[in-house]
Amino acid sequence: MTEKKYIAPREAIFSRIYTKQFQIFANIHLPPSAALDKFLNRQDESFLRLTKVFVCTFPYRKPSPEQVRIQTNFLLLNKQKIIWITSKYLTHPLLEQPVENLHFLGCVFDDYIITGHLLLPGRGKKRLSDTLNNPQKPFIVLKDSALYFIPSERCEKIPLADKFHLVVVNAFQTYAIIELPAEAVDEKKRLCLFYTSAPHV
């Protein structure tokens, strides 16, 4: 008789998941002590298992009942379609890294920017291009993150729309990733993207 291998129960983490078309509220099931970015970067699974799922249309923020398009107990989500994920229950083994050793990034999407400090293993800053050009690891994790909606007209300082403890971002779904100086965010948490001399055009 073959002895069955023990499989530790997975932890359910209620999360907000964003794709280009939908915002999804659901439980993600992680192995014990697993970091979400590493779990998503695994090459042996193409889909993310979700339970207690609400698939909603935009606008951003808590949806109304009219925005719910799918409600189901179980759903497999294609990982390549994920843009970013957040949850107040997320944790990460690298959270104790000092901010001064981390790259401060702005991830640019269709009409918003997510900022945060990039968590990386090891000490000191690594070259950003080497980290973000790894096709095997599209998902990165940002600490002390914030969301800003890009205004339709020029705006020197963009007001804060939301903030998060941690955000996991699919870097390959961004339009661009900006390395920001600390002074890009002022004391009122507004984001300034005009912190260098603009070329004459």
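Residues numbered from 1 in each chain as written. Predicted model: local features only at pLDDT ≥ 70, side-chain atom pairs only at ≥ 80, totals over all residues. Heavy atoms only, no water.

Right, let's talk about the overall build of the chain for a bit. Helices and strands together make up the secondary structure of the chain, namely two helices and 10 strands. For the chain, the sequential pattern of α-helices and β-strands runs β-β-α-β-β-β-β-β-α-β-β-β. Within the chain, the proportion of its 201 residues that are buried is 43%. Summarising the internal contacts of the chain: among those between residues at least 6 apart in sequence, 67% fall at separations of at least 24. (Helix = DSSP H or I, 4+ residues; strand = E, 2+ residues; numbered from the N terminus. Buried < 20%, exposed > 50% of the residue type's maximum accessible area, 1.4 Å probe, protein only. Contact = heavy atoms within 4.5 Å.)

Moving on: the pairing of strand β6 (residues 104–108). Of all five residues in β6, five are buried, a share of seventy percent or more. Because side chains alternate across β6, one face comprises the buried residues Phe-104, Gly-106 and Val-108, and the other comprises Leu-105 and Cys-107, equally buried. Pairing geometry for β6 and strand β7 (residues 112–118), over five bridges, is antiparallel. Bridge assignment links Gly-106 to a residue of β7, and that residue is Thr-115. As consecutive antiparallel partners, β6 and β7 are separated by three residues. Inspection of the sheet shows β6 paired to strand β10 (residues 176–179) by four bridges, in the antiparallel sense. The residue of β10 that forms the bridge with Val-108 is Ala-176. (Pairing = 2+ DSSP bridges.)

We now examine the pattern of salt bridges. Between side chains of opposite charge, pairing is possible as soon as their charged atoms come close. As enumerated under the stated definition, the model contains seven salt bridges in all. Within the structure, one salt-bridge network assembled from shared partners comprises Arg-42, Asp-44, Glu-45 and Arg-49. (Salt bridge = Lys/Arg side-chain N within 4 Å of Asp/Glu carboxyl O.)

On to the confidence of the model for the chain. The pLDDT averaged across the chain works out to 86; a share of 88% of its residues lies at or above 70. For the chain, the element scoring lowest by mean pLDDT is helix α2 (residues 128–132), at 81; strand β5 (residues 84–86) scores highest, at 96. (pLDDT = per-residue confidence, 0-100.)

On to the nonpolar core. Within soluble globular proteins, side chains that are nonpolar tend to cluster in buried spots. Core analysis: the largest hydrophobic core is formed by 25 residues, its most contacted members being Leu-36 and Leu-50. Sorting the residues of this core by element identifies β1 (11–18), β2 (23–30), α1 (36–40), β3 (47–56), β4 (68–78), β8 (139–149) and β9 (162–170) as the ones contributing at least two each. Ignoring sequence-local partners within four residues, the contact set of Leu-36 consists of Ile-28, Leu-30, Ile-85, Leu-90 and Val-168. Leu-105, Phe-109, Leu-147 and Val-169 belong to the second-largest nonpolar core, a separate cluster that totals 20 residues. (Core = buried A, V, L, I, M, F, W, Y, C linked by side-chain atoms within 4.5 Å.)

This part covers a nonpolar patch on the surface. Among the surface-exposed residues, Phe-47, Phe-74 and Leu-76 lie close enough to one another that they form a single nonpolar patch of about 300 Å² accessible area. Examined against the element boundaries, Phe-74 turns out to sit in strand β4. (Patch = residues over 30% accessible without salt bridge, like charges linked within 9 Å, V, L, I, M, F, W, Y side chains within 5 Å. Areas by Shrake-Rupley, 256 points an atom, 1.4 Å probe, with all protein chains shown as cover.)

Taken as a whole and judged by the stated rule, the model has one cavity of 30 Å³ or more. Lining the largest cavity are Leu-36, Asp-37, Leu-90, Thr-91, His-92, Val-141, Leu-166 and Val-168. Counting only elements with at least two residues in the lining of the largest cavity, the list comes to α1 and β9. (1 Å grid on protein atoms, 1.4 Å probe; cavity = no way out; pocket = protein on both sides within 12 Å on 5 of 7 lines; lining within 4 Å. Points joined across faces, edges and corners; volume = space filled by probe spheres on them.)

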